[in-house]
Amino acid sequence: MVGEEDGMKNKVRIGVCVMEKKAFSGPMLQILERLEAFGEFEIVHFGDKVILEEPIQSWPICQCLIAFHSSGYPLERAEAYAALRKPFLVNELGQQRLLHDRRKVYERLEFYGIPVPRYALVNRESPNEELDYFIEEEDFVEVHGNRFWKPFVEKPIDEMPANFCVLFSEGDDHSIMIYYPSSAGGGMKELFRKIGNRSSEFRPDVRRVRREGSYIYEEFMPTGGTDVKVYTVGPEYAHAEARKSPVVDGVVMRNPDGKEVRYPVLLTPAEKQMAREVFSAFGQAVCGFDLLRCDGRSYVCDVNGWSFVKNSHKYYDDAACVLRKMFLDAKAPHLSSTLPPTLPWKVNEPVQQSEGLTRQGSGIIGTFGQSEELRCVIAITRHGDRTPKQKVKLKVTEEKLLNLMLKYNGGRPRAETKLKSAIQLQDLLDATRILVPRVRPGRESDSEAEDIEHAEKLRQVKAVLEEGGHFSGIYRKVQLKPLKWVKVQKANGEGEEERPTEALMVLKYGGVLTHAGRKQAEELGRYFRNNMYPGEGTGLLRLHSTYRHDLKIYSSDEGRVQMSAAAFAKGLLDLEGQLTPILVSLVSKDSSMLDGLDNASIEIKEAKARLNEIITSGSKSVHNNSSREKPWMVDGAGLPPNASEVLPKLVKLTKKVTEQVRLLAIDEDEELAESSSYDVILPYDQAKALGKTHIDVDRIAAGLPCGEGFLLMFARWRKLERDLYNERKERFDITQIPDVYDSCKYDLLHNAHLNLEGLDELFKVAQLLADGVIPNEYGINAKQKLKIGSKIARRLLGKILIDLRNTREEAISVAELKSNQDNNIAVPAAKEETDYHSKAYGKIDGTRRASFTSDMSMDQDEDDDKEPKYRLDPKYANVKTPERHVRTRLYFTSESHIHSLMNVLRYCNLDESLQEEPSLVCDNALDRLYRTKELDYMSYIVFRLFENTEVALEDPKRFRIEMTFSRGADLSPLESNDSEAASLHQEHTLPIMGPERLQDVGSYLTLEMMEKMIRPFAMPAEDFPPPSIPQGFSGYFSKSAAVLERLVNLWPFHKHSSNSNGSSPRKSRSENHKNQAEETSYT
């Protein structure tokens, strides 16, 4: 008994001075039990009664104290006790007050040089107080002159501590809000503490910020839909876990036990330094903070105070060992803090046999067996079904419109103006409502034909602006370009100034993703999830949820393309809710890579001129024996031989349909004229329009067209009729054929209930011509197709090669590391976390430098590092194959880029430097492509990179490329023999065709050959703009620090690597910064 008492006296006494709910939580008990198991500590629980009621003088006397704030906790009493007994504090007490005020948290972080998102403070003394330094407009707020464009984040300043067990009610002031731009659909997402399986709610109608209190406004950080929570235990230990961000769809991922799914991820050296700085800044040894990874940088956006990881026995082991050392160093330095060979709580555990890494049989293709694994998926996809694209041009002289132009171009009389925002378009609508005559022109007034046409176009502009009851720069854009000027006397009488007297107004509208387009994109995303990632059982979701999936989605600037990308992502990742938050969180715009035809405008003009010549002259191409075998090689391949004879029929049928729509428009116009509709401002409801997922039953029942009114439908058909054939000049414009086909197909699919006579016949004629015209607009023969395709898709091709090259380099690095592990290159394991980056980087830089300085510049790797990476940490992950990693890059674009990319793939061997090589596309696929003609909505091209792990690293056959394509929704709306299509037709949509091979079965296309064939047409990596590395932060994100460190950590062997330079693990920050900056030169 005496011996036991003496033993207790010799133990270090640890007081647990926290509320009982926290003291007896699962993670706390797990760690305290491990500390007791060492036999060096006595754990004393104070309990709620002591903490809340008894005088501090009677509290248990302890050498070390665990004390932290939570709901109802008397922090001032704990501070008084600490001042009286002076125990070693795990977490400083006074600093904990800072954590309850976001302003003080951010100030402290900035003082210590820890990166935070760009932010500004709005302080109010009373609710709804008006502040002269705070301005709110439709798409931004401005605080003290600092402008925050939507999307931005709004946080209340009085943060509730993370360890408060509070469930906030709807609309509670402690919710964090994200406000979205009108160009993405507008609305707001409210983030709140998890309630059931939800952590956020999207509110499409909320657009104005709160004014009830004081808030922080913060730049929104696109993080790829993932949040990172970092848990520190002292200055040298940090554990990180990633979860699905609540900003995506608000649905909490839970495991079968009902707990939120989180996966351990690796921190970069820069992030580990930030963890040390957070510890120093707040004096909290056990601490949690939130990390945002965006564009190659990391930012701390919240510090939570005392936090433990849940459900991780490895973390409990680590935390207990780190805390043990802290306690002994502080209060029993005479005792050795060296860990025993076997941790005391593991003494009686059975020794588990180590098992070899198992393959999951990914990508079992041909005869290559289970040695082949999928490494990369790259897909280039066209957008979904859309409304027809439209354009109205008119010259305006009205003073109201000219003044509007000057208002938005800064008063410069010769500068053009673009109107896109809701406010700008509302101003234009107000002006046109005044200018448009109430009586239809041509009945009693406006006798001149020119005046009638001008009035009609103004009416069309007005109708477009009123349509749908919402504005969006995505779908409606107006350009005002001055044409004529005069000099007038200045208003103050001092000299003259120019004023515009005439301007060209160009209104572009239409091209909106329909409900069918959204449905198609979601369905294709689901198909990819379940079919493009073999060997995963549940498809992509398990791979993605374990952060072994590196996903990036790119889109062009067009709204229909962006929304197609968001809908695809929703299906791919099994997300829920509206598209706007998904678009903002997961989709990156890159117009320079996925938009525009400017680079090939001259060649396209030449191709169209030659195409017009072939069609209108009725000339027929001469087919020799070679062209009979390969009909796709002749000029104008695919054009019907009787094209010139079919054109008059096309014009006749177009007039027939136009006249029917005109009569319907007259009836609608007379009904409007009798009502007061002209004075009604329709409600702003863009989010509702973007969220449509089903056909508009009410409009169909009322006999109205879908997606537009009869007036705009008539304007669409009348423009086609006028542009297709100039009766005065007796001249056909064959460039209008695709537009006629486009309108026919749209109306057959979405407006079949209008029963337009002759529309089905017009569609057949238009399709016959369009199948020949559309492919030839991108080159009249194979060589011209190659030239135009390489100019349009040059940047995209370069990025694809970079994606593939980066994947190969990464896979080889991992293979080399594994090889080193297998060869037992080892030293004692005690140096686990000391100097891993200085040890491993030098070794890898030496072994891989030849690859880093190969044919393509590594500059783009820096750009690749800007993409958020969430790499699984195998030490903590319960995953059999943590080294398995798949890179996915998805590019959403328009028809022009799909055609251009396909033309380069199939005709690249016609280049002079490659003429001895066969085409990348086999003859059978070339023939199918020739017969396909149209790459329709949601058509796609997919590259999949496989690695054969049984082949030597230097063997070209180590990496194989598989190419497939789909024609998309390439099915006629008149199709009657397809039961599935007929069923879908009832929903105004068409099925997407399955993928087809571009290579012969059993063929083997190496990555090396792919690069050789594509490189002449691709933008070199060194021509891509170098990424901008923020000043003062460059060394943190060198290639070595950002990429190779995480590759090292994919394998546990780095614990045993030799320390070749003998460097101390505890270098100064400046020394680390210098070394990392030097390594940057190798990239």
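Residues numbered from 1 in each chain as written. Predicted model: local features only at pLDDT ≥ 70, side-chain atom pairs only at ≥ 80, totals over all residues. Heavy atoms only, no water.

## A short note on the pairing of strand 9 (residues 152-156)
Definition in use: The classification of residues rests on relative accessible area computed with a 1.4 Å probe and restricted to protein chains. Under 20% of the type maximum is buried, over 50% is exposed, and intermediate values are partly exposed. The helix count covers DSSP runs of H or I at least four residues long, the strand count covers runs of E at least two residues long, and both are numbered beginning at the N terminus. Two strands form a pair only when DSSP identifies at least two bridges running between them.
The buried fraction of strand 9 is high, at five of five residues. Side chains of strand 9 alternate between two faces, with F152, E154 and P156 and V153 and K155 buried alike. Relative to strand 13 (residues 215-219), strand 9 runs antiparallel, the two being bridged by five bridges. In the strand pairing of strand 13, K155 is matched with I216.

## Some words on the pairing of strand 15 (residues 238-244)
Of all seven residues in strand 15, five are buried; the element is thus mostly enclosed. Pairing between strand 14 (residues 226-233) and strand 15: seven bridges, direction antiparallel. When the sheet's bridge partners are listed, V228 is paired in strand 15 with A242. Hairpin connection of strand 14 to strand 15: four residues between the antiparallel strands, including G234 at a positive phi of 80 degrees. Two elements, strand 15 and strand 16 (residues 263-265), share three bridges in a ladder whose sense is antiparallel. In the strand pairing of strand 16, A242 is matched with Y263.

## As for the sheet that holds strand 18 (residues 297-305)
Note the following rule: A fitted line through C-alpha atoms serves as each axis, taken over the contacting stretch for helices, and the angle formed by two N-to-C directions is quoted from 0 to 180°. The contact rule is simple, with two residues in contact once any of their heavy atoms fall within 4.5 Å.
Strand order in the open sheet made by the five strands is 16-15-14-17-18, with antiparallel pairing throughout. Each edge of the sheet is formed by a strand with only one pairing partner; in this case those strands are strand 16 and strand 18. This sheet shows a mean twist of 35 degrees between the axes of neighbouring strands, independent of strand direction. By the bridge criterion, seven bridges tie strand 17 (residues 286-294) to strand 18 in an arrangement that is antiparallel. Bridged to C294 within strand 18 is R297. On top of the sheet, helix 7 (residues 269-282) reaches strand 14, strand 15, strand 17 and strand 18; it is set at about 35 degrees to strand 18, its chief contact.

## Focus: the confidence of the model for the protein
Any region with low pLDDT has predicted coordinates that should not be read closely. Selection rule: One confidence number per residue, pLDDT, is output by the predictor and ranges from 0 to 100.
In the predicted model, the protein carries a mean pLDDT of 80, and 77% of its residues have values of at least 70. This stretch, residues 160-172, has a pLDDT under 50; its non-local contacts, to residues over four places away or in other chains, come to 31 contacts. A low-confidence stretch, residues 622-626 stays under pLDDT 50, and its non-local contacts, those more than four residues away or across chains, total three contacts.

## Here we look at the sheet that holds strand 6 (residues 134-136)
Strand order in the open sheet formed by three strands is 6-7-8, and the pairing between neighbours is antiparallel. Edge positions in the sheet fall to strand 6 and strand 8 (146-149), since each of these pairs with one other strand and no more. Pairs of neighbouring strands in the sheet enclose a mean axial angle of 15 degrees, with direction left out of account.

## Quick word on a positive patch on the surface
For clarity, the cut-off: Residues qualify for a patch when their relative accessible area is over 30% and they have no salt bridge, like charges being joined within 9 Å and the nonpolar side chains of Val, Leu, Ile, Met, Phe, Trp and Tyr within 5 Å. Methods summary: accessible areas were calculated by the Shrake-Rupley approach with a probe of 1.4 Å, and residue burial reflects only the protein chains presented. Basic side-chain nitrogens of Lys or Arg form a salt bridge, by our definition, when they fall within 4 Å of a carboxyl oxygen of Asp or Glu. His is not counted here, nor are the chain ends, while Lys and Arg score as positive and Asp and Glu score as negative. In this description, the location of a charge corresponds to atom NZ of lysine, CZ of arginine, CG of aspartate or CD of glutamate.
A surface patch of like charges, here positive, comprises K391, K393, K418, K420 and K508. Of note, K418 is situated in strand 21 (residues 417-419).

## A closer look at the packing of aromatic side chains
Definition in use: A pair of Phe, Tyr and Trp rings is counted when the ring centres sit within 6.5 Å of each other, with Trp represented by its six-membered ring. The angle between the planes then sorts it: under 30 degrees is stacked, over 60 is edge-to-face, the rest tilted. Two limits define a charge over a ring: the Lys NZ or Arg CZ must be within 6 Å of the ring centre, and within 35 degrees of the ring normal.
Summed over all chains, the structure comprises 25 aromatic pairs. Between W59 and Y81, the aromatic rings sit 5.3 Å apart at their centres with planes inclined by 35 degrees, giving tilted as the arrangement. With W59 in the loop between helix 4 (48-53) and strand 3 (64-66) and Y81 in helix 5 (residues 75-85), the pair connects residues that are 22 residues apart, well separated along the chain. Directly above the ring of W485 sits R414, whose terminal nitrogen or CZ lies 3.9 Å from the centroid.

## Regarding unusual backbone geometry
Backbone torsion omega between K150 and P151 reads 5 degrees, so that peptide bond is classified as cis. Considering the arrangement of structural elements, one finds P151 in the loop between strand 8 and strand 9. The phi angle at K86 is positive, at roughly 50 degrees, despite the residue not being glycine. Its location among the elements puts K86 in the loop between helix 5 and strand 4 (88-89). Taking the relative accessible area as the measure of exposure, K86 reaches 60% and is therefore exposed. Even without being glycine, E730 reaches a positive phi, approximately 50 degrees. For E730, the location among the structural elements is in the loop between strand 26 (725-726) and strand 27 (731-732). Looking at E730, the relative accessible area reads 62%, which means it is exposed.

## Brief notes about helix 9 (residues 399-408)
Among the residues of helix 9, those classed as buried are L401, L402, L404, M405 and L406. Positive phi shows up at G410, right after helix 9, with a value of about 80 degrees.

## Re the pattern of salt bridges
Opposite charge on two side chains allows them to pair when their charged atoms are near. For the coordinates displayed, the defined rule picks out 60 salt bridges. A salt bridge links E895 to R382, with the shortest nitrogen-to-oxygen separation between them at 3.9 Å. In this pair, E895 sits in helix 29 (residues 895-907) while R382 sits in strand 19 (residues 372-382), placing the two residues 513 residues apart along the sequence. Of the charged contacts in the structure, one is a salt bridge between R716 and E708, with a shortest N-O distance of 2.4 Å. Take R716 and E708: they sit in the same class, and that class is buried. A single salt-bridge network, built from bridges that share partners, covers R518, E522, E523, R526 and K570.

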